[in-house]
Amino acid sequence: MKENLVIIPTYNEKENIEAIILKVFSLPVSFHVLIVDDGSPDGTADIVKNLQQRYSEELHLEERAGKLGLGTAYIHGFKWALARSYQFVFEMDADFSHNPDDLVRLYNSCKIDGNDMSIGSRYISGVNVVNWPIGRVLMSYFAGVYVRFLTRMPFMDPTGGFVCYTRKVLETIPLDKITFVGYAFQIEMKFNAYLYKFKVHEVPIIFTDRTKGTSKMSSGIFKEAIFGVVIMKIWSWFKKFER
């Protein structure tokens, strides 16, 4: 059934991509997968194309020329999903830091419990992060504290990138006006959902840092989040959020 789409942005993920796709397809709930690849020079897209011979209906690939950023990859995927009949659209990393088994829990939160959006939360039930150095854990946790203080969003994990959106959320948020590309993109999407008064639920997950491939995290991404939150708060004063 063409109902659920998992969007996975990739850049040099040849070590993980086949395993993550096969894991998603093994789940008890049916999910389609859209890979948005930013011109990976390591051949990630070629691995996906080979798998498409086996999963022609379930596996999709959008190739972009160059590394254009996480946020723009998701926006591209959201628009792709909206042009088709998908009702639940998921964000997930390619590196197994998000456990694909939790896709079912995010799905149930929206499909069965009636939430408009569900967030896989690292911090809703304590600190559930594995294999991160303590400095990065503290930076991530207190980034959430900072975001909640400025935006007044109640979410414990506003920077998290493991999310299920219902179609109506993505149809309501003005995707062409989403401006940030890193951590701030995740915050901006949640801030919009909050301001539009959608019903958002946090689902506790365990986040495990990648064991294969190279992290795409950089200091620039954190700087974007720090200053981006201030910008988002200011523009929220001058816009109407009605649906």
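See above for the structure.
Below is a summary of the structure that appears in this document. (Residues numbered from 1 in each chain as written. Predicted model: local features only at pLDDT ≥ 70, side-chain atom pairs only at ≥ 80, totals over all residues. Heavy atoms only, no water.)

1. Structural notes on unusual backbone geometry
The cut-off we apply is this: Strands are runs of DSSP state E lasting at least two residues, helices are runs of H or I lasting at least four, and both sets are numbered from the N terminus onward.
Phi is positive for Asn-12, close to 55°, though the residue is something other than glycine. Residue position: Asn-12 is located in the loop between strand 1 (4-10) and helix 1 (17-25). With a phi angle near 65°, Lys-197 is a residue other than glycine that sits in the positive phi range. For Lys-197, the position within the fold is in the loop between helix 7 (183-195) and strand 8 (200-204).

2. A few points about the side chain of Thr-151
Let me state the cut-off plainly: Each residue's exposure class comes from its accessible area (1.4 Å probe, protein chains only) as a fraction of the maximum for that residue type: buried when under 20%, exposed when over 50%, partly exposed otherwise. Counting of polar contacts relies on pairs of N or O atoms within 3.5 Å, with two restrictions inside protein: one atom must be capable of donating a hydrogen and the other of accepting it, and residues adjacent in sequence are counted only when both atoms are side-chain atoms. Any two residues whose heavy atoms approach within 4.5 Å are treated as being in contact.
Inspection of the secondary structure puts Thr-151 in helix 5 (residues 134-151). Judged by relative accessible area, Thr-151 falls into the buried class, the value being 2%. At 2.7 Å, the side chain of Thr-151 and the backbone oxygen of Val-147 are in polar contact. A polar atom in the side chain of Thr-151 sits 3.1 Å from the backbone nitrogen of Met-153. Residues within four places of Thr-151 in sequence aside, it is in contact with Phe-191, Tyr-194, Val-229 and Lys-233.

3. Describing the packing of helix 3 (residues 70-82) against helix 7
How we decide: Interaxial angles span 0 to 180 degrees and are taken between N-to-C directions of axes, which are lines fitted to C-alpha atoms, for helices over the stretch in contact. Should an angle fall under 35 degrees it is taken as roughly parallel, and over 145 as roughly antiparallel, whereas 65 to 115 is taken as roughly perpendicular and any remaining angle as oblique. Under the scheme applied here, ten amino acids are nonpolar (Ala, Val, Leu, Ile, Met, Phe, Trp, Tyr, Cys and Pro), four are charged (Asp, Glu, Lys and Arg), and all others, including Gly, are polar.
Running from N to C, helix 3 and helix 7 cross one another at 45°; their axes reach a closest spacing of 8 Å. One element, helix 3, and the other, helix 7, form an angle in the oblique class. Across from Leu-70, Gly-71, Tyr-74, Ile-75 and Phe-78 in helix 3, the residues of helix 7 making contact are Phe-185, Gln-186 and Met-189. Each residue belonging to the contact of helix 3 with helix 7 can be placed in one class, and the counts come to six nonpolar, two polar and no charged.

4. A short note on the sheet that holds strand 3 (residues 59-63)
How we decide: One bridge is not enough; two strands pair if DSSP finds at least two bridges between them.
Strand order across the open sheet formed by seven strands is 3-2-1-4-7-5-8, with mixed pairing between neighbours. In the strand order of this sheet, the two ends are held by strand 3 and strand 8, each with one partner. The mean inter-strand angle of the sheet, taken between neighbouring strand axes irrespective of direction, is 20°. Where strand 1 meets strand 4 (residues 88-91), four bridges bridge the pair, whose relative direction is parallel. Note on strand 4: the bridge partner recorded for Asn-4 is Phe-88. Contacting strand 1, strand 2 (32-37) and strand 3, helix 1 crosses the sheet at an angle of about 160° to strand 2. Running at roughly 150° to strand 1, helix 3 makes contact with strand 1, strand 2, strand 3, strand 4 and strand 7 (163-166) of the sheet.

5. Quick notes on the pattern of salt bridges
Heads up, the condition is: Any carboxyl oxygen of Asp or Glu within 4 Å of a side-chain nitrogen of Lys or Arg constitutes a salt bridge here.
As enumerated under the stated definition, the model contains nine salt bridges in all. Notably, a salt bridge pairs Arg-122 with Asp-157, separated by 2.7 Å at the nearest N-O pair. Linking Arg-122 in the loop between strand 5 (117-121) and strand 6 (129-130) with Asp-157 in the loop between helix 5 and strand 7, this pair joins segments that are 35 residues apart in sequence. Summarising the burial analysis for this pair, Arg-122 and Asp-157 share the class buried.

6. Quick notes on the nonpolar core
Heads up, the condition is: Take the buried residues of types Ala, Val, Leu, Ile, Met, Phe, Trp, Tyr and Cys, join any two whose side-chain atoms come within 4.5 Å, and each joined set is a nonpolar core.
Ranked by internal contacts, the top residues of the largest apolar core, which has 40 residues, are Ile-7, Phe-78, Tyr-165, Met-189 and Met-232. Of all elements in the fold, only strand 1, strand 2, helix 3, strand 5, strand 7, helix 6 (167-172), helix 7 and helix 8 (219-236) reach the threshold of two or more residues within this core. With residues up to four places along the chain from it excluded, the contact list for Tyr-165 reads Phe-78, Gln-87, Phe-88, Val-89, Glu-91, Asp-116, Met-117, Leu-170 and Met-189. With 31 residues, the next largest nonpolar core counts Leu-51, Met-92, Cys-110 and Cys-164 among its residues.

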